[in-house]
Every structure is written in structure tokens, then in C-alpha cells.
Amino acid sequence: MALEHAILVSLSERSGSGYELARRFEKSIGLFWSATHQQIYRVLKRMEEAGWVAVEAVSQGGRPDKKVHTVSAAGRAELRRWLAEPNPAAGPQELAVKLRGASYGDPNAVAEELARHRAAHAERLDAYRQIEKRDFPSPGSGRALHQYLVLRGGIRAEEGQVEWFDEVLTALNEDEATR
């Protein structure tokens, strides 16, 4: 995922200046997608050149004008395209941004993407559990224990991912049922 998509989600939630956007990244989207102020300003310029954002100069009385960025029609189209696009290689950060932005595109397409990732994590979890059962009936000590502990870390990580996907998919299904 490009930083552009995280910015499109943030600006879809609320227009703002580069400074305001950077502050938002520090407090919210930055919890799962980080960007420096310089990166944000560079990307905003590229997005403006691509026609994804419109910029309005707002007078600040005695201070330089503030440039307020708003998502344009082309930016909304790009966000919808990206939200619907499957990406088997997407990591947790990209999926979190897609989930956060789901209402700006097709929430069902985002849910389908999350379900595909859930299935991949469940498959990996099953493989790890089979390895544990086959190779580590009792962990032992030394090198065998170290290998076992690494495997347990993988199992725990995959369990957490599957549980999160289950929670998200349940909530999305309940939300869909109430609409």
C-alpha cells in the first residue's frame, strides 16, 4: 500500500492541512501506519499533481495562508478502486487502513478481502499446529526447546490474527444486517 491511500482515508474522514494531517497520523492512523511530516507533505504534492486532492488556501490573518486538502472525485475513485482490489500480500497495516476506509468504497469487498486473509492465517495456524504435534510432543531442552519456543510464537501470532479477523468479520456482518 502506498501512503497515498492512508492519506486518502484520513482526508475522506476530514479535510485538513498537511500539518493537521500529520497530527492526525500521530494520534490515529499512525497507530498502524506511520509517516513523517516530510513524507506527508511530499505525498500531498504528488496527490495534488495527480488530481486526487484539491487544495484551498485559507487566510489565517497575519500568518501564511493554510493549504486545506480535500479529496477530489478522482481521489474518491482511486480510493474505491484500491479498497476493492485484492492483495494477497497485504500486511496488517494495509488491512487496517482498508478496514478504516471501508465505508468510502464497497464494505463487502473489504470484508471479502479480510475473509481471504483470515483463511490464509487459519491455514498457516493449522500447519504450525501440525508441526508442533509432529516434531515437538515434548519440547525438551537446548536447541529443541529454542525451536519449539519460536514455533509457539508463530502459533500465538496466528491465533491472534485469526481471532481478530473473526471479531472484525462478525462485526461487519452484524453491521450489514442492521442496514
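Below: a short report on this structure. (Residues numbered from 1 in each chain as written. Predicted model: local features only at pLDDT ≥ 70, side-chain atom pairs only at ≥ 80, totals over all residues. Heavy atoms only, no water.)

### Some points on the environment of Ser 10
Okay, step 1: Residue position: Ser 10 is located in helix α1 (residues 3-13).
Okay, step 2: Overall, the relative accessible area of 2% leaves Ser 10 in the buried class.
Okay, step 3: With 87 residues separating them in the primary sequence, Ser 10 and Val 97 have C-alpha atoms 9.3 Å apart. (Helix = DSSP H or I, 4+ residues; strand = E, 2+ residues; numbered from the N terminus. Buried < 20%, exposed > 50% of the residue type's maximum accessible area, 1.4 Å probe, protein only.)

### A look at the layout of surface pockets
Okay, step 1: Roughly 170 Å³ of volume is contained in the largest pocket.
Okay, step 2: For the largest pocket, the lining is made up of 14 residues, of which Pro 88, Ala 90, His 117, Ala 120 and His 121 are closest to its centre.
Okay, step 3: Only α5 (92-101), α6 (107-135) and α7 (142-178) provide two or more residues apiece to the lining of the largest pocket.
Okay, step 4: Sorting elements by how many residues they give to the lining of the largest pocket places α6 first, with six residues.
Okay, step 5: Tallied by class, the residues present in the lining of the largest pocket amount to six nonpolar, five polar and three charged. (1 Å grid on protein atoms, 1.4 Å probe; cavity = no way out; pocket = protein on both sides within 12 Å on 5 of 7 lines; lining within 4 Å. Points joined across faces, edges and corners; volume = space filled by probe spheres on them. Nonpolar A, V, L, I, M, F, W, Y, C, P; charged D, E, K, R; others polar.)

### With respect to the pattern of salt bridges
Okay, step 1: This model, assessed by the stated rule, comprises 13 salt bridges.
Okay, step 2: Between Glu 159 and Arg 129 there is a salt bridge, and its shortest N-O distance comes to 2.8 Å. Here Arg 129 lies in helix α6 and Glu 159 lies in helix α7, a separation of 30 residues in the sequence.
Okay, step 3: What makes Glu 159 partly exposed here is its relative accessible area of 22%.
Okay, step 4: On the basis of relative accessibility, which here comes to 38%, the residue Arg 129 falls in the partly exposed class.
Okay, step 5: A single network of salt bridges, built from pairs that share partners, joins Glu 78, Arg 81 and Glu 85. (Salt bridge = Lys/Arg side-chain N within 4 Å of Asp/Glu carboxyl O.)

### Some details on the nonpolar core
Note on soluble globular proteins: their nonpolar side chains tend to be buried together.
Okay, step 1: Counting residues in each nonpolar core, the largest one holds 30 residues, and the members touching the most others are Ile 7, Phe 25 and Ile 40.
Okay, step 2: Looking at this core, the elements with two or more residues in it are α1, α2 (18-27), α3 (37-50), α4 (73-84), α5, α6 and α7.
Okay, step 3: In terms of residue count, α1 provides more of this core than any other element does, six residues in total.
Okay, step 4: Residues contacting Ile 40, with those up to four places away along its chain left out, are Leu 3, Ile 7, Gly 18, Leu 21, Ala 22, Phe 25 and Ala 35.
Okay, step 5: Within the second largest apolar cluster, seven residues are counted, among which are Leu 125, Leu 151, Ile 155 and Val 162. (Core = buried A, V, L, I, M, F, W, Y, C linked by side-chain atoms within 4.5 Å. Contact = heavy atoms within 4.5 Å.)

### A few points about the packing of α1 against α2
Okay, step 1: It is the contact of α1 with α2, at a shortest axis distance of 11 Å, that shows an interaxial angle of 100°. In this view, α1 runs roughly perpendicular relative to α2, as classed from their interaxial angle. Side by side, α1 and α2 meet where Leu 3, Ala 6, Ile 7, Ser 10 and Leu 11 of the first sit next to Leu 21, Arg 24 and Phe 25 of the second. (Axes fitted to C-alpha atoms, helices over the stretch in contact; angles between N-to-C directions. Parallel < 35°, antiparallel > 145°, perpendicular 65-115°, else oblique.)

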